[in-house]
Every structure is written in structure tokens, then in C-alpha cells.
Amino acid sequence: SCFGVAATITNLVFELVIPANTFTLHAIHIGSAMEAILLMFGLVQQLRILKKEKAEAQEKIIEQLQENEKLKDKVNRELEEKVAERTLEINEKNKELFQKNKDILDSINYAKKIQEAILPEKKEIFKEIKDAFILYEPKDIVSGDFYYFSNVNGNSIIAAIDCTGHGVPGAFMSMIGNELLNKIVSERGIVVPSKILDELDG
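Remember, it's a predicted structure, so these values are computed and weren't measured experimentally.

Q: Give a detailed account of the pairing of strand β1 (residues 145-152), specifying residues and quantitative values.
A: Along any regular strand the residues' side chains alternate between the sheet's two faces. Burial of β1 is extensive: six of the eight residues sit out of reach of the surface. Judged from the eight bridges that link them, β1 and strand β2 (residues 155-162) form a sheet pairing that is antiparallel. Bridge pairing links Y147 to A160 in β2. Hairpin remark: β1 followed by β2, antiparallel, with two residues in the connecting loop; positive phi at N153, about 55°.

If you want it as C-alpha cells, here you go:
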């Protein structure tokens, strides 16, 4: 080091190995100054290196953050697209389901009109039975419940019938029951309740 060289020169001067002059007499000071200057240059260089490394690290962090932001935006866009596609699919399915339900309800409502058409005219019942009333409130749109009336040779036959089943299956049963009663009572003229039930059971 510079300080070591200066110390050697100073020793050689004291031992009269080399002549004393301004340089040799101040060798220690000059060596110390040069040591300090070199140390300062070393520190400055080290600071530059550290500053450069810090700047590079910050730049990498910024680049990574930018990449993360881009990735987040990409993921968000993909999620939004998937949500939009799924929402569209659900809306389409809902439209299909709504149309199918509407078609079914339209068919059932039309079946209700057909079922109501087989019921006897209320005025015919009221004409024969003055104090009669009718309370007919099906559980569903169509029903397995129905009422029947017929007048055969002055005999008024009236019945309130509950068929097995509800809804559409019950409605089919009521149509069959009404048809059977028409054949038994109106066509064959059977008016005794027990015999009518026997015929229905047979």
C-alpha cells in the first residue's frame, strides 16, 4: 500500500540509506494522502456500483410489476369473457325453458277447456234441482275431480267424482269416468246408484 511504501522510505531516510529531501521527509504524509485518495476513489466506485445495482434492481421490479399488471388484466379479461359467455348461455337456456313452460301451460290450459266442455250445463242442473249450487275448484289447472248430471225418464242423477291422480293424469281419468257414466246412465238407462257403481267397477 502507499502508506507502507511511505513508511519504508521514512525508515531508510532515518537510517541514512537514502538522502533526505522534501519528498522523503514528507513521505508518510504523502503516502497517507494517497491512501486516503485511493480509498475515496474506491468508495466512490463502490457507491457507483451499488447505485447501478440498485437502479437495475428497481428497473427489474418495475418490469415485474408491469408484467404482473398485464397478467392481471389478461386474467380479468378472460374471466369477464367467460362470465359473459356463461351469462349468454344461461339466458338462452332460460328462454328455451320459458318457451317450453309456455308451450306446456298453453297445452294444459287448452286441455282445461276440453275438460270443462264435458261438464254438464249448470242451467240444466238448476232447472231440475232448484236449491242446487256448484263449488268446483280444481287443485291444478286440470283436475281428476269432476261433477256429473243427467236426467233419465224423470230421474235426476248427480254425482261428485274424485278420480285417482292430480293434474294431467287425473284429468285423463275424469274424461274416461265421464264417458263411462254417459254410457251407463244416458245410453243404457241405469239409474240405481249401486248398479251404476257396479258397472263403473266392472
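Picking up after the structure, the text goes on.
Q: Describe the pattern of salt bridges, naming the residues involved and giving the relevant values.
A: This model, assessed by the stated rule, comprises five salt bridges. R188 is paired through a salt bridge with E199; the nearest N and O atoms lie 3.0 Å apart. With R188 in the loop between α5 (167-187) and α6 (193-201) and E199 in helix α6, this pair connects stretches of sequence that are 11 residues apart. Its relative accessible area of 52% is what places R188 among the exposed residues.

Q: Could you give me a rundown of the packing of α5 against α6, with the residues and numbers involved?
A: Interaxial distance between α5 and α6 falls to 10 Å at its minimum, and their mutual angle equals 135°. In this view, α5 runs oblique relative to α6, as classed from their interaxial angle. Along this stretch, α5 crosses α6, giving a crossing that reads as right-handed. When α5 is examined against α6, the residues L180, L181, I184 and V185 are found in contact with a partner set consisting of I196, E199 and L200.

Q: So, the packing of aromatic side chains: which residues are in play, and what are the values?
A: Ring pairs (aromatic) are described by centroid distance and by the angle formed between their planes. One pass over the structure, following the stated rule, counts one aromatic pair. Residues Y136 and Y147 carry aromatic rings whose centres are separated by 5.5 Å and whose planes lie at 80° to one another, so their mutual orientation is edge-to-face. Linking Y136 in the loop between α4 (122-128) and β1 with Y147 in strand β1, this pair joins segments that are 11 residues apart in sequence. Residue classification places Y136 among the partly exposed positions, given a relative accessible area of 24%. For Y147, a relative accessible area of 12% translates into the label buried.

Q: Provide a residue-level description of the side chain of S150, including the pertinent values.
A: When you line up the elements, S150 lands in strand β1. Residue classification places S150 among the buried residues on the basis of a relative accessible area of 8%. A polar side-chain atom of S150 sits 3.3 Å from a polar atom in the side chain of S186. Excluding residues that lie within four positions of it along the chain, S150 makes contacts with N155, S156, I157, V185 and S186.

Parameters and conventions
- Residues numbered from 1 in each chain as written.
- Predicted model: local features only at pLDDT ≥ 70, side-chain atom pairs only at ≥ 80, totals over all residues.
- Heavy atoms only, no water.
- Buried < 20%, exposed > 50% of the residue type's maximum accessible area, 1.4 Å probe, protein only.
- Helix = DSSP H or I, 4+ residues; strand = E, 2+ residues; numbered from the N terminus.
- Pairing = 2+ DSSP bridges.
- Salt bridge = Lys/Arg side-chain N within 4 Å of Asp/Glu carboxyl O.
- Axes fitted to C-alpha atoms, helices over the stretch in contact; angles between N-to-C directions.
- Parallel < 35°, antiparallel > 145°, perpendicular 65-115°, else oblique.
- Left-handed = near helix turned anticlockwise from the far one by under 90°.
- Contact = heavy atoms within 4.5 Å.
- Phe/Tyr/Trp six-rings, centres within 6.5 Å; stacked < 30°, edge-to-face > 60°.
- Polar contact = N/O pair within 3.5 Å; in protein donor to acceptor, adjacent residues only side chain to side chain.

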